[in-house]
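# Chains, contacts and geometry: an overview
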Amino acid sequence: MTRIYNFSSGPAMLPEPVLAHAQRELMELPGVGMSVLEISHRSKPFDAIIGTCVDNLRKLAGIPTSHHILFLQGGASLQFSMLPMNFLPAGGKADFFVTGTWSQKAVAEAKKVGTAQIAATDEANNFSRIPDRDTWKLDPGAAYVHMTTNETIGGVEWPSEPDVGGVPLIADASSDIFSRPIDVAKYAVIYAGAQKNLGPSGVTLVIVRDDMLAKIPKGLPTMLDYTTHVKEKSLYNTPPVFGIYIIGLVAQWILEQGGLETLGRANADKAKLVYDAIDKSGGFYRPHARPDSRSNMNITFRLPSEALEKRFVSEAARQGMDGLGGHRSVGGIRASIYNAFPRTGVEALVSFMAEFAKQAG
Ligand code: PMP
């Protein structure tokens, strides 16, 4: 077996024990005679699978009973539309922290529904930092505040959740969910496409606080109304069964690693190895994010020229390190090292970086 180190921004590496577990059960779930891909979503075995998944997630992140856990489809991108449809009332307004491409997309969709206000943005600095506290303009009358906890393209991450007073806080946590401890109680909604930190693509985790449901207008299309999915426990229609199964296994794996405290330390430690390599390169590698806004998930940097960046990406790929090219909109290098990305892969990257800089610098 020659598994490579996949530095892609997502879908991304999954824990090997999870892949092996799924492989073992792919012909037959124990005692069921069928795989998870074949059983009815209304069967007892699937009840157990989704129940275990929810229990594992609650345990993992301390998700209180005030918050519902939903497994939806349409990616995090559909949430950009569903959130304002459900929570931005006619004549109301919502505040947005704009920290990069993904928060811009959330704003664009909200604008189709109502008034989306920019509470703070770092566009002037090419989205290299989380906006400084003294630049925020929060509207106490906003229906909610939306943030992107980690900007996958720029590689900037909020060090902790912002204090937004009494206004409901909604977070797109697609690229750093459960990568460190999180105080779920502080959020009205947390959502994340699974394909980076939690499982395969095709399933979106949505955690929604119960009191938010009272704000949803009547008459929304059934599938776009959170109430439907809360009432039916994500089983209004056929849910993404395989994704739910894998999320349950990944959550179990994180619990076995010692939970979010331990995982958070390991993630910070992995990221520090790469940032140290950048900082000690004498300017050969130039980091994009300001130090206080650096992401532990997506590490973005430039080389002295685009030609060298191209060579860096292709030589790394030849050595079993794939997916290091930056997003097509910004270029440069991006190393995505999510929960399941092994420390050995980070060490391999760091020694490759030193070697490359020596040869090319
Ligand atoms: N938000 C963030 C922060 C993302 O990184 C992504 C995907 N890269 C999305 C939203 C969109 O997610 P999806 O592809 O699941 O719609």
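This write-up is about the structure you can find in this document. (Residues numbered from 1 in each chain as written. Predicted model: local features only at pLDDT ≥ 70, side-chain atom pairs only at ≥ 80, totals over all residues. Heavy atoms only, no water.)

With that settled, consider the site of the ligand. Around the ligand lies a shell of 13 residues, among which S77, T152, D172, Q195 and K196 are the nearest. Measuring from an oxygen atom of the ligand, one finds a side-chain N or O atom of S77 at 2.6 Å. Relative to its free-state accessible area of 390 Å², the ligand is covered by the protein chains to the extent of 85%. The leading source of residues in the shell around the ligand is helix α3 (residues 75-87), at 4 residues. Partitioned by chemical class, the residues of the shell around the ligand number 3 nonpolar, 8 polar and 2 charged. (Near = heavy atom within 4 Å. Polar contact = N/O pair within 3.5 Å; in protein donor to acceptor, adjacent residues only side chain to side chain. Areas by Shrake-Rupley, 256 points an atom, 1.4 Å probe, with all protein chains shown as cover. Helix = DSSP H or I, 4+ residues; strand = E, 2+ residues; numbered from the N terminus. Nonpolar A, V, L, I, M, F, W, Y, C, P; charged D, E, K, R; others polar.)

Bringing the sheet that holds strand β14 (residues 333-336) into the picture now. Pairing is antiparallel across the open sheet formed by 3 strands, whose spatial order is β11-β12-β14. A single partner strand is all that each edge strand has here, and the edge strands are β11 (286-287) and β14. By the bridge criterion, 2 bridges tie β11 to strand β12 (residues 298-302) in an arrangement that is antiparallel. By the bridge assignment for β12, P287 is matched with F301. (Pairing = 2+ DSSP bridges.)

Time to look at the sheet that holds strand β3 (residues 93-98). Taking strand neighbours across the sheet as the criterion, the 7 strands line up as β2-β10-β9-β8-β5-β3-β4 in an open arrangement whose pairing is mixed. With partners counted over all chains shown, the strands left at the sheet margins are β2 (67-72) and β4 (115-121), one partner each. Adjacent strand axes in the sheet meet at a mean angle of 20 degrees when their direction is disregarded. Sheet topology note: the β3/strand β5 (residues 145-148) ladder contains 2 bridges and is parallel. Among the inter-strand pairings, D95 is bridged to a residue of β5, identified as V145. Packed onto the sheet, helix α2 (residues 44-61) meets β2 and β10 (204-209) and runs at close to 130 degrees relative to β2. The strands touched by helix α4 (residues 101-111) are β3, β4, β5 and β8 (169-172); relative to β3, the strand with the most contacts, the crossing angle is about 165 degrees. (Axes fitted to C-alpha atoms, helices over the stretch in contact; angles between N-to-C directions. Contact = heavy atoms within 4.5 Å.)

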